[in-house]
There are 2 protein chains.
Amino acid sequence: MLVPTDGSAPGLPTAAGSIFKIIRDQGPLFPADIVRRTGLAKSTVSVYIDRLAAAGLIREEPRPGGKRRMLKVAESAGYVMGVDLGQTHLNVGLCDLEGDVLDSIGADLDLLHETPEGVLARVVGAARALSSRNALALAALSGIGFCLPGPVDYARGLPVSPPVMPGWDRFPLASALHREFTCPVFIDNDVNVMALAERDKGAASQEQDFLFIKAGTGIGAGLVVDGRIYRGAKGAAGDIGHISAGLDDVLCHCGNRGCLEALAGGRALALRAGEAARSGASRFLAARLAEGLAGTPELLALGAAAGDEECLRIIIAAGKALGDTIAKLVNFFNPSLIVVGGGLANLGERYLASIRESIYRRSTPLATADLVIKRSALGPATGVIGSAILVLDEIFSHTNVGRLMRPPSA
Amino acid sequence: MLVPTDGSAPGLPTAAGSIFKIIRDQGPLFPADIVRRTGLAKSTVSVYIDRLAAAGLIREEPRPGGKRRMLKVAESAGYVMGVDLGQTHLNVGLCDLEGDVLDSIGADLDLLHETPEGVLARVVGAARALSSRNALALAALSGIGFCLPGPVDYARGLPVSPPVMPGWDRFPLASALHREFTCPVFIDNDVNVMALAERDKGAASQEQDFLFIKAGTGIGAGLVVDGRIYRGAKGAAGDIGHISAGLDDVLCHCGNRGCLEALAGGRALALRAGEAARSGASRFLAARLAEGLAGTPELLALGAAAGDEECLRIIIAAGKALGDTIAKLVNFFNPSLIVVGGGLANLGERYLASIRESIYRRSTPLATADLVIKRSALGPATGVIGSAILVLDEIFSHTNVGRLMRPPSA
């Protein structure tokens, strides 16, 4: 919504965008490399390089003694804001044009009891504080990326019936932020931006096609196809938490029965931990309960690490339920890499092993021939970094770079 | 394998390719339209238009009284061969540069008892016959597309452990055909090329993102993302026939239990029809059995149309099993359109209704908000047309058009 269209064919790069993308993905590069990789005439490449440099988007890499110039992105030519809104946290980060966090402000909150207006005010406050303490003018902000834990209408920049965010349905988040800061604003689902962070800074290390699975309170997937997030028709792609996972006797908060999230999500694990504590099936959890500690996934992990068999059994069953569903997606999508992140990814190696085992058992041999299944290595800043990368991808996309270089009168 | 790489960044269009693609997808067009849509300089566009015309790839559309020239693909500038190898048929078709069949030769065969060499000899014979009776030199063939009913290593142009094609594993099909005809050869799975046919000539009518489901003896999916087939890491994407569909008491020919194909494929339906005939549960099928007719999906459709309740029950159950699995893929992939083709798509409206009902019942409301589920409207030439489109997509792709225009010395 906030990026005007100019009648370009969708997905069709302008020459400037092609050149900028090559420099961003593969730079530093010589102009001759760019001529070879684009197939554009040398004179054309030269013109666009000058225009990109004049717009402050690329710069020459200093080379001691070197005569020929190498080109790279001018990472300090601007900055972007990444906002990560979770069920229990709000993190706002100031990032450079390579998606690295320069400074950030975080706070706890309970999303069930926050209004959109209240959250918006906090985001604005944090952005102002970051701007002021880093002596950077808010007007120089190139864009804002914002992720939240629910479905998003990406094109219109608003949440759509997010189950854990009552009162946020179709709240015009992007336009509200745009009114405040005037720069382009992009809203996405948290799992999608986590996948972007994995692509550029994490376990996927520049893979252009992979599957990111977030296993936490909610369960979701981020599909990266040809280096970009695949969002599907309504922005709902990857919403795997409510896939029917077989057992129809478990009621899900969505109203359906046997959903993956109701079997293998964080709440399901907490429930099972609580039962094992009360029944005494787990000595470890019963002892913690006696100390006043409620059953949580973290306690399950501690119990399993301490050798408690019931804790281990619950963890392995959760991995199996998730793995059985991922196996179906592997047959369908045939990724070469799956990165598992989210809070439950910290349940330990046996959890990952159980996921892997189920996938290998129920996917076709061809689909798993070279499949790698990794745990995310990114920390709590993933949402902020991913949101920053989201906005960098967008404002420096093929079609938009051309626009950034044009004088307003064109 | 048969398209040499030139070090271009993957997916990055050359200017010539961009211009040709716009003309192919959106033509006829004025040069000014192309300038606007590519963002290239007018002089650059003009140079490439002249070069594309000189290479015989585009031509001016005659306009009565019109002064300005409109450009379109020169559909008679060459031709391609589409080959459709099925379990019981071989169709070879001569097609123009828009993928329309000019002439074709078809024959019955039993793939289980054919050697690759035998099939190859038949294909070569049919291609020679088509060439001779249409007075077209085989040397003028721009390319060959070939589809077969099994997994394919697309990059290397060979089948990989195809379950219904013993003796074909890693047979170098593309290079054998290339030796014979010298032109580029592309081998793909039949479901993928059927999806391409739906995109350009069928129910998907130029949709750039959709899901094609082939329900026949085998069950498979073709994923179209951004107008192109998504093949996955090993070319196995869409191989949904062996997704676990819940009931573990049904043994599949792959060795696993409860596979979708074993529950809802053509063989499963024939088995169920046979049982209903022998037990008398279906009066219609029992009467046909008395006439010496074995149970088939076609007989089930006839029985259901004649009001036989058991036939209808079997058909509805098959639709439900398929729909329950597609529902999971809809949550994951969120397509806006699903086209159902293959032999079972002719089971009737109640079959489609059963598929639809299961999808709507078990997918999230957002994922099905604007989802359209259609039956394929293409006939038995789908495989040939799709194979022709496959080769047209490849040889006239962004990167390859540029190469076609270059003199061999460049």
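Residues numbered from 1 in each chain as written. Chains lettered and ligands numbered in written order. Predicted model: local features only at pLDDT ≥ 70, side-chain atom pairs only at ≥ 80, totals over all residues. Heavy atoms only, no water.

Notes on the relation of the copies chain B and chain A
- Between the two copies, chain B and chain A, the superposition gives an RMSD of 0.1 Å; the rotation angle is 180° and the shift along the axis is 0.1 Å. The two molecules are tied by a two-fold rotation axis, judged by turn and shift.
- When you check the interface residues of chain B against chain A, 100% turn up at the interface there too, and the contact is symmetric in its surfaces. (Least-squares fit on C-alpha atoms with pLDDT ≥ 70 in both. Contact = heavy atoms within 4.5 Å.)

Some points on the pattern of salt bridges
- All chains considered together, the criterion is met by 36 salt bridges over all chains.
- Note that Arg36 of chain B is salt-bridged to Asp33 of chain B, the shortest N-O span being 3.2 Å. Here the residue Arg36 of chain B and the residue Asp33 of chain B both occupy positions in helix 2 (residues 31–38), the gap between them amounting to three residues, near one helical turn.
- Given the relative accessible area of 46%, Arg36 of chain B is considered partly exposed.
- Using a relative accessible area of 15% as the deciding quantity, one classes Asp33 of chain B as buried.
- The salt bridge partner of Asp190 of chain B is Lys214 of chain B, with a shortest N-O separation of 3.3 Å. Here Lys214 of chain B lies in strand 10 (residues 210–215) and Asp190 of chain B lies in helix 6 (residues 190–201), a separation of 24 residues in the sequence.
- In this structure Lys214 of chain B comes out as buried when scored by relative accessible area, which is 18%.
- Salt bridges linked by common partners bring Arg199, Asp200 and Asp393 of chain A together as one network. (Salt bridge = Lys/Arg side-chain N within 4 Å of Asp/Glu carboxyl O. Helix = DSSP H or I, 4+ residues; strand = E, 2+ residues; numbered from the N terminus. Buried < 20%, exposed > 50% of the residue type's maximum accessible area, 1.4 Å probe, protein only.)

Quick look at unusual backbone geometry
All names here are of chain A.
- With a phi close to 60°, Arg170 is a non-glycine residue in the positive phi region.
- Of note, Arg170 is situated in the loop between strand 8 (158–159) and helix 5 (173–181).
- The exposure class assigned to Arg170 is partly exposed, which follows from its relative accessible area of 44%.
- Its identity is not glycine, yet Asp226 carries a phi of approximately 55°, on the positive side.

Re helix 8 (residues 266–279) of chain A
Residues and elements named next belong to chain A.
- For helix 8, with 14 residues, the first-to-last C-alpha span of 20 Å sits near the 20 Å given by 1.5 Å per residue.
- When helix 8 is considered as a whole, its buried residues turn out to be Gly266, Ala268, Leu269, Ala273, Gly274, Ala276 and Ala277.
- If you follow the buried residues of helix 8, they end up packed against helix 7 (260–264), helix 9 (283–290), helix 10 (297–305) and helix 11 (309–333).
- Positive phi appears at Gly280, one or two residues downstream of helix 8, with a value of about 85°. (Expected span 1.5 Å × (residues − 1).)

Observations regarding the environment of Gly303 of chain A
Residues and elements named next belong to chain A.
- On the secondary structure map, Gly303 appears in helix 10.
- Residues Gly303 and Arg288, 15 residues apart in the sequence, show an inter-C-alpha distance of 9.6 Å.
- Not counting residues up to four positions away in its chain, the partners in contact with Gly303 are Phe284, Asp308 and Cys311.

Some remarks on the packing of helix 2 of chain B against helix 3 (residues 42–54) of chain B
Residue and element names in this part refer to chain B.
- Running from N to C, helix 2 and helix 3 cross one another at 120°; their axes reach a closest spacing of 9 Å. Put simply, helix 2 runs oblique to helix 3. Pair helix 2 / helix 3 crosses with right-handed handedness. Along the contact surface, helix 2 presents Pro31, Ile34, Val35 and Thr38, while helix 3 presents Lys42, Val45 and Ile49.
- Looking at the contact of helix 2 with helix 3 residue by residue, the classes come out as five nonpolar, one polar and one charged. (Axes fitted to C-alpha atoms, helices over the stretch in contact; angles between N-to-C directions. Parallel < 35°, antiparallel > 145°, perpendicular 65-115°, else oblique. Left-handed = near helix turned anticlockwise from the far one by under 90°. Nonpolar A, V, L, I, M, F, W, Y, C, P; charged D, E, K, R; others polar.)

Quick word on the pairing of strand 6 (residues 141–148) of chain B
Residues and elements named next belong to chain B.
- Summarising burial for strand 6: seven of the eight residues are buried, a large majority.
- In this sheet, strand 6 lies alongside strand 3 (residues 79–85) in parallel orientation, the contact comprising six bridges. Its bridge partner lying in strand 6, Tyr79 is registered against Leu141.
- Of the pairings in the sheet, the one linking strand 6 to strand 9 (residues 185–189) comprises five bridges and is parallel in character. Within strand 9, the position partnered with Leu148 by the bridge is Asn189. (Pairing = 2+ DSSP bridges.)

Focus: the side chain of Arg199 of chain A
Residue and element names in this part refer to chain A.
- Position of Arg199 relative to the elements: it lies in helix 6 (residues 190–201).
- Engagement of the side chain of Arg199 in a polar contact is seen with the backbone oxygen of Gly227, the distance being 2.4 Å.
- In terms of polar contacts, Arg199 uses its side chain to reach the side chain of Asp393, at 3.0 Å.
- If we ignore the near neighbours within four places in the chain, the residues touching Arg199 are Ala204, Ser205, Gln206, Glu207, Phe210, Gly227, Ile389 and Asp393. (Polar contact = N/O pair within 3.5 Å; in protein donor to acceptor, adjacent residues only side chain to side chain.)

Interpretation note: all reported values are geometric properties and have no functional meaning in isolation.
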